[in-house]
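In case you want the letters, here they are:
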Amino acid sequence: MIMRKRTREIAMELLYQSTMNEKTAEELMDDYFEDNQDDLREDTDLKYLEDVLSGVMSHKENIDKLIEKYLVNWKLSRVSKINLSILRLATYEILYVDNIPDNVSIYEAVEMAKKYSDESSGSFVNGVLDKISHTDHDLSAAPLTVNAESEADAVPETGVIESEMKEEPETEERGTEE
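Caption draft 1: Molecular detail of the pattern of salt bridges. Throughout the structure, instances matching the rule amount to 11 salt bridges. Here Arg4 ties to Asp45 by a salt bridge, and the two come within 3.1 Å at their closest N and O atoms. Taken together, the residues Arg4 in helix α1 (residues 2–18) and Asp45 in the loop between α2 (25–35) and α3 (46–58) connect sequence positions 41 residues apart. The same class applies to Arg4 and to Asp45, which are both buried. Between Arg6 and Glu13 there is a salt bridge, with the nearest N and O atoms lying 3.5 Å from each other. A relative accessible area of 23% places Glu13 in the partly exposed class. Within this structure, Arg6, Glu9, Glu13 and Lys115 form a network of salt bridges that share partners.

Structure below.
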């Protein structure tokens, strides 16, 4: 599962890059591996990476609407690009990837937020994703299945609950673009 964790981080980085350019998933991947040595491809779940990037990009409008629906006293435009990329990735997994349990997607997203953003972003991301995972979603497309082994036993139960998310006043800077 270490490969999946690293691949998920690469996906988040590429989704972040996609917020600043109009490249396709394939172009983003080619650029990434060209810049970061082709030997990294061996340590990456390329099928998962391509599926997730393409999936997030093709469902971005619906994913963003859903994320914004569960932001408390926030607008999507105020969420930092890093946190937004993490939220998009995890929301895509929750909605469209059958073989990854929601709690795994949430756990990994919270850990990425703590690693790439700041400690308080972890609870912010947790709160939004917890709400998304506990809502019945009417999706126009059938779930897409990523070919990979199940991650059900890869990450311990996170104990994420909606009540752990603190409602922050809109003037706070946590999770915002600087």
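Caption draft 2: Molecular detail of the environment of Ser123. As for its placement among the helices and strands, Ser123 is situated in helix α7 (residues 119–133). In this structure the C-alpha to C-alpha distance between Ser123 and Val110, which are 13 residues apart in sequence, comes to 7.1 Å. A distance of 3.1 Å separates the side chain of Ser123 from the backbone oxygen of Ser120, its partner in a polar contact.

Caption draft 3: Representation of the confidence of the model for the protein in the model. Per-residue confidence for the protein gives a mean pLDDT of 78, with 72% of residues at or over 70. In the model, residues 140–178 has pLDDT below 50 throughout and makes 85 contacts with residues more than four positions away in sequence or in other chains.

Caption draft 4: Main features of α1. The first and last C-alpha atoms of α1 sit 24 Å apart over 17 residues, in line with the 24 Å expected at 1.5 Å per residue. Buried within α1 we find Arg4, Thr7, Arg8, Glu9, Ile10, Ala11, Met12, Leu14, Leu15 and Ser18. Contacts from the buried residues of α1 go to α2, α3, α5 (81–96) and α6 (102–116).

Conventions we followed
Residues numbered from 1 in each chain as written. Predicted model: local features only at pLDDT ≥ 70, side-chain atom pairs only at ≥ 80, totals over all residues. Heavy atoms only, no water. Salt bridge = Lys/Arg side-chain N within 4 Å of Asp/Glu carboxyl O. Helix = DSSP H or I, 4+ residues; strand = E, 2+ residues; numbered from the N terminus. Buried < 20%, exposed > 50% of the residue type's maximum accessible area, 1.4 Å probe, protein only. Polar contact = N/O pair within 3.5 Å; in protein donor to acceptor, adjacent residues only side chain to side chain. pLDDT = per-residue confidence, 0-100. Contact = heavy atoms within 4.5 Å. Expected span 1.5 Å × (residues − 1).

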